[in-house]
Amino acid sequence: LATPFVLHADDSHADAQLVAEDCQKRYLEIFKDVEMLVQQTIFFDELNEEPGRKQIHSRLRKLVPSIGRFFTPLPLADAFLLEDERRAISKRRLVSPSFNDVRMILNTAQILALTSIYKQNKGARLKLVTFDGDVTLYDDGKSLDENSSVVHRLIKLLSLGLYVGVVTAAGYPRQSGAEKYYERFKGLIDHLNSENCTLKTHQKENFFVMGAESNYLFRYDNEMKGLRYIDGDEWFLPQVRNWNPSKVNYIMDTLHKHLVYLRSNFNLEDSTTIIKKERSVGIIPNSGCRILREQLEEMVLSCSVKLNTILDSSQNFATSTEALCQTDEIKVCAFNGGSDVWVDIGDKALGVESLQKYICHDETSDVCPISKAESLHIGDQFASLGANDFKARLSACTVWIANPRETVAVLDDLIDF
Ligand code: IMP
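Keep in mind it's a predicted model, so treat the numbers as computed, not measured. (Residues numbered from 1 in each chain as written. Predicted model: local features only at pLDDT ≥ 70, side-chain atom pairs only at ≥ 80, totals over all residues. Heavy atoms only, no water.)

> So what exactly am I meant to see when it comes to the overall build of the protein chain here?
Within the protein chain, the secondary structure is distributed over 13 helices and 11 strands. A total of 417 residues make up the protein chain; the buried ones form 52% of that total. Surface accessibility of the protein chain: about 20,500 Å² in total, with carbon and sulfur atoms responsible for 51%. (Helix = DSSP H or I, 4+ residues; strand = E, 2+ residues; numbered from the N terminus. Buried < 20%, exposed > 50% of the residue type's maximum accessible area, 1.4 Å probe, protein only. Areas by Shrake-Rupley, 256 points an atom, 1.4 Å probe, with all protein chains shown as cover.)

So this is what it looks like as structure tokens:
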């Protein structure tokens with residue numbers, strides 16, 4: 001999008017109002033064009049799914065081969081006008097539309113698509129909203145307190161009959177893990193338990209936590225007055241059930257050794273700790289210390305390269321023919337958490353998809369099945385490398401925020417539109 005945004009730089013003698021109107025018109029045309037390109041891509045992608053059909057690529061897919069799937073149309077022109085009103089983008093004469101402007105416009109277009117206007121035409125409606133934890137619901141390393149403005153919006157979503165999930169990398173297994181998640185979501189859970197809470201029982205129980213990307217599932221239980229651990233047997237996707245445990249262990253051991261090597265390479269032995277859990281391994285700074293941003297990035301890239309080597313040569317440690325089949329392709333996610341680096345078995349694409357499917361099997365649910373177009377993931381980590389929300393794009397519509405205040409603003413749009 002950057003190329004067409006040429007500024008009217010020399011407007012020194014022009015009528016400022018006229019220049020702004022002209023600039024808005026030109027930007028609007030660009031967004032209309034991109035909206036059509038997206039529409040064409042959706043149409044072609046659907047055609048390509050017909051069995052035996054010769055594959056055709058849309059113009060946008062030819063221009064940007066790495067572009068993902070669009071699960072809804074994106075009303076970019078309407079979204080631009082809205083954001084232009086809020087951010088006065090076209091009134092600027094010296095600073096052209098920025099990455100953040102475009103990110104906001106895409107977010108607003110996605111929210112518009114999921115709310116009333118498009119609901120009327122398409123029949124699809126939003127059923128599940130999932131959130132990343134750190135930076136999205138609360139500041140990095142912090143937790144949800146009862147006064148947090150996010151809590152009220154989450155309650156509102158539940159009252160509207162939506163399913164709400166937190167899909168977080170933070171991984172704590174079994175019922176004992178529920179205590180750890182309680183600490184993080186205390187504000188919300190205390191509210192669900194309070195006498196002031198006006199939600200019906202089934203609405204309260206529509207709150208889920210998916211921990212360690214896609215490994216541990218918890219659901220709010222009104223009788224327990226807290227989170228109940230749900231065994232993997234009840235919700236693991238078939239492909240995950242088929243993962244070979246020795247292969248999982250091999251990946252964990254290899255990446256653990258690799259982090260030990262990286263730590264020594266950067267002389268970080270005294271200032272960091274390496275943590276190895278059942279399904280993740282990470283390096284975190286010791287209290288009062290920090291790892292340089294460049295070192296975090298180097299470590300996450302190095303772990304990704306290591307992972308690719310392992311996953312490509314899976315036959316080297318296959319213990320049975322089963323380990324070689326496609327269904328056994330273990331998903332692993334290496335990411336930079338801002339102050340730490342983690343390698344987790346699983347990813348948020350699986351985490352979100354598992355929730356979509358689990359909710360469908362829920363006897364109390366009347367919203368089956370939940371499609372990707374009816375599911376929204378809100379997160380802060382969408383850069384293509386070393387960011388763990390990125391994978392959620394495979395399973396749901398997404399909104400990319402930069403801090404919890406932006407999450408609140410997005411939720412207000414979602415509730416108001
Ligand atoms: P998220 O932003 O909610 O996905 O949480 C990411 C943060 O959770 C990481 O940056 C870590 O600080 C923390 N964390 C705690 N345990 C784990 C784990 O097992 N894997 C990955 N991250 C973890």
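> Just to check I follow, could you spell out the site of the ligand for this structure?
Around the ligand, a shell composed of 17 residues is seen, among which D132, T168, K277, S280 and D340 lie nearest. D340 has a polar side-chain atom sitting 2.5 Å from an oxygen atom of the ligand. Computed on the free molecule, the ligand has an accessible area of 500 Å², of which 92% lies beneath the protein chains in the complex. When atoms are counted within 2 Å of each cavity's grid points, the one that captures over half of the ligand is the second largest pocket. (Near = heavy atom within 4 Å. Polar contact = N/O pair within 3.5 Å; in protein donor to acceptor, adjacent residues only side chain to side chain. 1 Å grid on protein atoms, 1.4 Å probe; cavity = no way out; pocket = protein on both sides within 12 Å on 5 of 7 lines; lining within 4 Å. Sits in = over half its atoms within 2 Å of the grid points.)

> Can you help me understand the packing of helix α10 (residues 245-265) against helix α11 (residues 293-312) in this one?
When two helices pack together, their arrangement is given by the angle between their axes and by how far apart the axes lie. Relative orientation of the contacting elements α10 and α11 amounts to 145°, with a least axis distance of 10 Å. Handedness of the α10/α11 crossing: right-handed. Residues Y250, I251, T254, L255, H258, L259 and L262 of α10 form the contact with α11, whose participating residues are M299, S302, C303, K306, L307, I310 and L311. Residue composition of the contact of α10 with α11, grouped by class: 10 nonpolar, three polar and one charged. (Axes fitted to C-alpha atoms, helices over the stretch in contact; angles between N-to-C directions. Left-handed = near helix turned anticlockwise from the far one by under 90°. Contact = heavy atoms within 4.5 Å. Nonpolar A, V, L, I, M, F, W, Y, C, P; charged D, E, K, R; others polar.)

> How do you make sense of unusual backbone geometry when you look at a structure like this?
Negative phi characterises most residues that are not glycine, and trans characterises most peptide bonds. Here K225, not a glycine, exhibits a phi torsion of approximately 55°, which is positive. Notably, N267 is not glycine yet its phi reads approximately 55°, a positive angle. Mapped onto the elements, N267 comes out in the loop between α10 and β6 (272-276). Relative accessible area serves as the criterion here: at 65%, N267 is assigned to the exposed category.

> In this structure, what is going on with the state of the cysteines? I would like to understand it.
Structurally, a disulfide amounts to a covalent bond that connects the sulfur atoms of two cysteines. In this structure the tally under the stated criterion is zero disulfides. Cysteine C333 remains unbridged, with the sulfur of C303 as its closest cysteine sulfur at 11 Å. The exposure class of C333 is buried, given its relative accessible area of 6%. (Disulfide = S-S within 2.5 Å.)

> Where do I start with the layout of surface pockets in this structure?
In this approach, a probe sized like a water molecule rolls over the atoms, and the result shows the empty space that is left. Space inside the largest pocket adds up to approximately 1,500 Å³. Along the wall of the largest pocket there are 40 residues; nearest its centre are I67, F70, L74, L106 and R393. Those elements giving two or more residues to the lining of the largest pocket turn out to be α1 (16-48), α2 (59-63), α4 (99-114) and β11 (397-400). By residue class, the composition of the lining of the largest pocket is 26 nonpolar, seven polar and seven charged. Counted as a void, the second largest pocket has a volume near 540 Å³. As for the second largest pocket, its lining consists of 28 residues, of which D134, D140, R184, D340 and W342 are closest to the centre. (Points joined across faces, edges and corners; volume = space filled by probe spheres on them.)

> Just to check I follow, could you spell out the pairing of strand β2 (residues 163-167) for this structure?
Burial analysis of β2 places five of its five residues in the buried class, which makes it a mostly covered element. Every second residue of β2 is oriented toward a common face, with Y163, G165 and V167 on one face and V164 and V166 on the other, all of them buried. Note that strand β1 (residues 128-131) and β2 share four bridges and pair parallel. Residue pairing across strands places T130 opposite G165, the latter belonging to β2. What joins β1 to β2 is helix α6 (residues 149-159), and the crossover it makes is right-handed. Here β2 pairs with strand β3 (residues 207-211) via four bridges, running parallel. (Pairing = 2+ DSSP bridges. Right-handed = clockwise from strand over helix to strand, strands pointing away.)

> Help me understand the side chain of K204, please; the structure alone is not making it clear to me.
Secondary-structure assignment places K204 in helix α8 (residues 201-204). No salt bridge is formed by the buried K204, whose closest oppositely charged neighbour, E205, lies at an N-O distance of 8.6 Å. From its side chain, K204 meets the backbone oxygen of L192 in a polar contact 3.1 Å long. (Lys, Arg positive; Asp, Glu negative; His and termini not counted. Salt bridge = Lys/Arg side-chain N within 4 Å of Asp/Glu carboxyl O.)

> Mind showing me how you'd approach the pattern of salt bridges here?
Where side chains of opposite charge bring their charged atoms close, a pairing between them can arise. Scanning the entire structure with this criterion turns up 24 salt bridges. Between K357 and E353 there is a salt bridge, with its nearest N and O atoms 2.7 Å apart. Taken together, the residues span about one helical turn, with K357 and E353 both in helix α12 (residues 348-361) at a distance of four residues.

> Any chance you could explain the environment of F207 here in plain terms?
With respect to the element layout, F207 can be found in strand β3. C-alpha separation for the pair F207 and V34, spaced 173 residues apart in sequence, amounts to 36 Å. For F207, the residues in contact, after removing those within four places along its chain, are L158, V164, V166, L188, F218, R219, Y220 and L227.

> Can you walk me through the sheet that holds strand β5 (residues 226-230) in this structure?
Backbone hydrogen bonds hold the strands of a sheet together, and the pairing may be parallel or antiparallel. Taken together, seven strands build an open sheet; the order of strands is β5-β4-β3-β2-β1-β10-β11 and the sheet is mixed. Strands at the two margins of the open sheet, each flanked by one partner only, are β5 and β11. Adjacent strand axes in the sheet meet at a mean angle of 25°, parallel and antiparallel pairs treated alike. Running at roughly 145° to β11, α4 makes contact with β10 (375-379) and β11 of the sheet. Across the face of the sheet, helix α7 (residues 174-193) comes into contact with β2, β3, β4 (216-221) and β5 while running at roughly 145° to β5.

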